[in-house]
Amino acid sequence: MTETPRGDSGPELASVVLAGTVDVPDFPKPGIVFKDLMPLFADGAAFRRVVDGLVEHYGRHSFDVVAGVEARGFVVAAAIAYATGTGVVPVRKAGKLPRKALSATYELEYGEATLEVHEDAFIAGQRVLVVDDVLATGGTAGAALDLVERAGGTVVGFAVLMELAFLKGRERLSPRTLHALLTV
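Residues numbered from 1 in each chain as written. Predicted model: local features only at pLDDT ≥ 70, side-chain atom pairs only at ≥ 80, totals over all residues. Heavy atoms only, no water.

### Observations regarding unusual backbone geometry
Alright, step 1. For the bond running from Phe 27 to Pro 28, omega is 5°, close enough to zero to count as cis.
Alright, step 2. Take Pro 28: it is sitting in the loop between β1 (22-25) and β2 (33-36).
Alright, step 3. Cis geometry is found at the peptide bond from Glu 70 to Ala 71, where omega equals -5°.
Alright, step 4. Looking at the element boundaries, Ala 71 is found in the loop between β3 (65-69) and α4 (72-84).
Alright, step 5. The backbone of Lys 168 shows a phi angle near 60°, a positive value even though the residue is not glycine.
Alright, step 6. Locating Lys 168 in the fold gives a position in the loop between β8 (154-163) and α6 (169-173). (Helix = DSSP H or I, 4+ residues; strand = E, 2+ residues; numbered from the N terminus.)

### Concerning the nonpolar core
Generally speaking, a soluble globular protein has its nonpolar side chains buried in company with each other.
Alright, step 1. Residues Val 17, Leu 37, Leu 40, Ile 80, Val 131 and Leu 161 are the most contacted members of the largest nonpolar core, which totals 31 residues.
Alright, step 2. Put simply, the parts of the chain that give this core at least two residues each are α1 (11-19), α2 (38-42), α3 (44-58), α4, β7 (127-135), β8 and β9 (179-183).
Alright, step 3. Ranked by residues supplied to this core, first place goes to α3 with seven residues.
Alright, step 4. Once you skip the residues sitting within four places of it in the chain, Val 131 turns out to touch Val 66, Ala 67, Gly 68, Val 69, Gly 73, Val 76, Ala 77, Ile 80 and Ala 159.
Alright, step 5. Core analysis: the second largest hydrophobic core is formed by 26 residues, Val 65, Ala 104, Tyr 106 and Leu 115 among them. (Core = buried A, V, L, I, M, F, W, Y, C linked by side-chain atoms within 4.5 Å. Buried < 20%, exposed > 50% of the residue type's maximum accessible area, 1.4 Å probe, protein only. Contact = heavy atoms within 4.5 Å.)

Spelled out as structure tokens, the structure:
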């Protein structure tokens, strides 16, 4: 018997995300199973359902700008921003931004990385929805959320398409709230 997929927006959207995911073993290093969401992004109807589901959850007027975490978070953030008529801000890997930036270094499940955002990316108090594709250990998410706040934004939500619950990222982000369309 197959278990019904679960997620914070219910089993229907969780099933859409699951159906658009391909597991890639041993990437980016041996022992890691990479969750590739590119098939979901390539399926126009499925991608629209996912974006519409996130917009419905947060509401069109609950945020002023969407921050997307490099790189697949850019795809989701841009789609949500377009659907709601808001702006989009990239949270980039180190060395990719052309102007003065704030940075945060954090631990990954398979190493260390640094994220950056322009110092002037947000207007003081601007309401920011932060999005990424997958929540693993919470290191990337925590760094992105902290950067948004250090740059003057007010985080009103954090959403991912997939949460890898066994890595306990949700607990690491507590007391912040997370909205995951699929939890595995």
